[in-house]
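Structure assessment
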Amino acid sequence: RLIVADRKKFDAMFASVLLMQWKWSESSERDGYFYHAGPGANSLSVHGRSLTAISPSDLMEVVQRTLKGFNREIMESGLHVFPETLQYVASLDRILSTHGGSALLIGRAGVGRRSWLNVVAYWHRLEVICPKLTRQYSEKNFLEDLKRLFKTAGVEGQDVVLLLDDHQIVDD
């Protein structure tokens, strides 16, 4: 645990490394975001899709267009784009643009984590696989769901997202 003086010194050192190595500063986060430049822009390579800088207003426009397409083609989501959601969408976009990217989405129920994940997956043209639990759902059913996921990803060569909710994990 860092005390106040050490923490300020650490934060300053960390910020200088971020600025020198990656040209990032706290103000750069307010100035814009990085996103993957749209479906089909680059195929997913070992290093992931390349990212492009974009202003908040342009990202807002891109996300609104994507949301409109999602609402028209997949389902009516009832989501609205706010400046606060742009950071979340940009983070999900970077994660799904990275080869082998994974995320743990934590927060209160009803804030749109799952919905925005589905929208960003739609944006990337990814299939979202989520096990459907029933009373008779067992480890065998889970292995079948994983088998379907591996077939889709490995044999068919499609990029997929495995979505597991906390209530779906019923046994250690």
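Everything numeric here is computed off the predicted structure, so don't read it as measured data.

**Notes on the pattern of salt bridges**
- Under the defined criterion, the tally for this structure stands at two salt bridges.
- For the salt bridge of Arg65 with Glu61, the shortest nitrogen-to-oxygen distance reads 3.3 Å. Residue Arg65 and its partner Glu61 are both found in helix α3 (residues 56-73); the two are separated by four residues, about one turn of the helix.
- In this structure, Glu156 and Lys151 form a salt bridge, with 3.7 Å as the shortest nitrogen-oxygen distance.

**Notes on the packing of aromatic side chains**
- The tally for this structure, following the rule as stated, stands at two aromatic pairs.
- Centre to centre, the rings of Phe70 and Tyr122 are 5.7 Å apart; their planes meet at 70°, and the pair counts as edge-to-face. A residue pair is termed long-range when its members are at least 10 positions apart, and Phe70 in helix α3 and Tyr122 in helix α5 (residues 113-123) qualify at 52 residues.
- On the basis of relative accessible area, Phe70 is assigned to the buried category, the value being 3%.

**Brief notes about the confidence of the model for the protein chain**
- Confidence along the protein chain averages 80 in pLDDT terms, with 78% of residues attaining 70 or more.
- Note on residues 40-47: pLDDT is under 50 here. Beyond four places in sequence and across chains, it has eleven contacts.

**Section: α5**
- Burial analysis of α5 places nine of its eleven residues in the buried class, the great majority of the element.
- Turning to α5, its buried residues number three or more, namely Arg113, Trp116, Leu117, Asn118, Val119, Val120, Ala121, Tyr122 and Trp123.
- Just past α5, the residue Arg125 takes up positive phi, approximately 60°.

**Section: the packing of α3 against α5**
- Relative orientation of the contacting elements α3 and α5 amounts to 95°, with a least axis distance of 10 Å. In this view, α3 runs roughly perpendicular relative to α5, as classed from their interaxial angle. Residues Leu59, Val62, Val63, Thr66, Leu67, Gly69, Phe70 and Glu73 of α3 lie in contact with α5, whose contacting residues are Trp116, Asn118, Val119, Tyr122 and Trp123.
- In the contact of α3 with α5, the residues fall into nine nonpolar, three polar and one charged.

Rules used in this analysis
Residues numbered from 1 in each chain as written. Predicted model: local features only at pLDDT ≥ 70, side-chain atom pairs only at ≥ 80, totals over all residues. Heavy atoms only, no water. Salt bridge = Lys/Arg side-chain N within 4 Å of Asp/Glu carboxyl O. Helix = DSSP H or I, 4+ residues; strand = E, 2+ residues; numbered from the N terminus. Phe/Tyr/Trp six-rings, centres within 6.5 Å; stacked < 30°, edge-to-face > 60°. Buried < 20%, exposed > 50% of the residue type's maximum accessible area, 1.4 Å probe, protein only. pLDDT = per-residue confidence, 0-100. Contact = heavy atoms within 4.5 Å. Axes fitted to C-alpha atoms, helices over the stretch in contact; angles between N-to-C directions. Parallel < 35°, antiparallel > 145°, perpendicular 65-115°, else oblique. Nonpolar A, V, L, I, M, F, W, Y, C, P; charged D, E, K, R; others polar.

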